[in-house]
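This is what each chain is made of:
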Amino acid sequence: MRLASEQDITEIISELMAKTHKPIEADTKYVLELLALTMFADKQVLAAEIQTFVDIVLRFQRENILTTKLTEADIILWYEEQKADLANVIQHGVFESWIEERLQNLRDFPDKHLLLRAIDEIANADGEKHISEKALEVLTAKKWAESLLSLYSGKVAV
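Residues numbered from 1 in each chain as written. Predicted model: local features only at pLDDT ≥ 70, side-chain atom pairs only at ≥ 80, totals over all residues. Heavy atoms only, no water.

J.: I'm lost on unusual backbone geometry in this one. Help?
T.: Note: most peptide bonds trans; most residues except glycine with negative phi. Backbone geometry at Lys 43 places phi at a positive 60°, although glycine is not the residue there. Within the secondary structure, Lys 43 sits in the loop between α2 (25-40) and α3 (47-62). Positioned with a positive phi, Asn 64 is a non-glycine residue whose angle comes to about 60°. (Helix = DSSP H or I, 4+ residues; strand = E, 2+ residues; numbered from the N terminus.)

Set out below in structure tokens:
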């Protein structure tokens with residue numbers, strides 16, 4: 001069994017950094033949809049979850065995780081326009097294909113760990129993390145980990 005050398009690790013990190021990109025506006029749609037779906041996972045959307053969602057989007061913009069310049073009113077309007085479609089994802093058996101598409105579209109998003117923490121923040125906003133919110137979080141992390149492992153599986157000999 002051969003462990004990766006320091007040079008191998010440096011090469012892998014350099015390659016990862018070269019392939020990451022700064023968020024673009026197209027990413028924003030998928031980020032907002034993924035985060036908003038967290039509110040619908042337990043089939044009960046509370047004001048605290050909506051406010052947390054808005055706060056996270058504003059924070060992501062301030063920290064340049066998202067490049068958009070949405071106001072609080074813009075974010076709430078987006079939510080209002082999307083909520084029927086998001087509720088439909090949960091209620092009508094299209095979740096698996098929907099989530100696969102979103103996670104695939106976000107596979108190169110550079111700050112996935114921040115998205116996972118944001119999902120967790122929204123899930124906990126109402127004081128209780130429902131099992132379906134936990135499942136969404138675990139599924140998202142698992143899919144991204146599988147994608148990353150498959151991308152770099154040939155890079156390190158074990």
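J.: Sorry if this is basic, but what is going on with the packing of α3 against helix α6 (residues 112-124) here?
T.: How two helices pack is summed up by the angle between their axes together with the distance between the axes. Close contact between α3 and α6 brings their axes to 9 Å; oriented N to C, the two are set at 155°. Comparing their axes, α6 and α3 come out roughly antiparallel. The hand of the α3/α6 crossing is right-handed. Every residue of α6 that contacts α3 at Glu 49, Thr 52, Phe 53, Ile 56, Arg 59 and Phe 60 is listed here: Leu 114, Leu 115, Ala 118, Glu 121 and Ile 122. (Axes fitted to C-alpha atoms, helices over the stretch in contact; angles between N-to-C directions. Parallel < 35°, antiparallel > 145°, perpendicular 65-115°, else oblique. Left-handed = near helix turned anticlockwise from the far one by under 90°. Contact = heavy atoms within 4.5 Å.)

J.: Even after reading the chapter, I still don't get the packing of aromatic side chains, so can you show me in this structure?
T.: Describing an aromatic ring pair means giving the distance of the ring centres and the angle of the ring planes. Going through the model one piece at a time under the given rule, you end up with two aromatic pairs. A cation over a ring is seen here: Lys 112 above Trp 144, with NZ or CZ 5.9 Å from the ring centre. (Phe/Tyr/Trp six-rings, centres within 6.5 Å; stacked < 30°, edge-to-face > 60°. Lys NZ or Arg CZ within 6 Å of the ring centre and 35° of its normal.)

J.: Could you clarify how one ought to interpret the pattern of salt bridges in this entry?
T.: Opposite charge on two side chains makes pairing possible when the charged atoms of those side chains draw close. This structure, assessed with the given rule, holds nine salt bridges. We note a salt bridge from Lys 129 to Asp 120, for which the minimum N-O separation is 2.2 Å. Across the pair Glu 137 and Lys 129 runs a salt bridge whose closest N-O atoms are separated by 2.8 Å. Exposure remark for Glu 137: the relative accessible area of 16% places this residue in the buried category. Three or more residues joined by partner-sharing salt bridges are found here, namely Lys 29, Glu 33, Glu 101 and Arg 102. (Salt bridge = Lys/Arg side-chain N within 4 Å of Asp/Glu carboxyl O. Buried < 20%, exposed > 50% of the residue type's maximum accessible area, 1.4 Å probe, protein only.)

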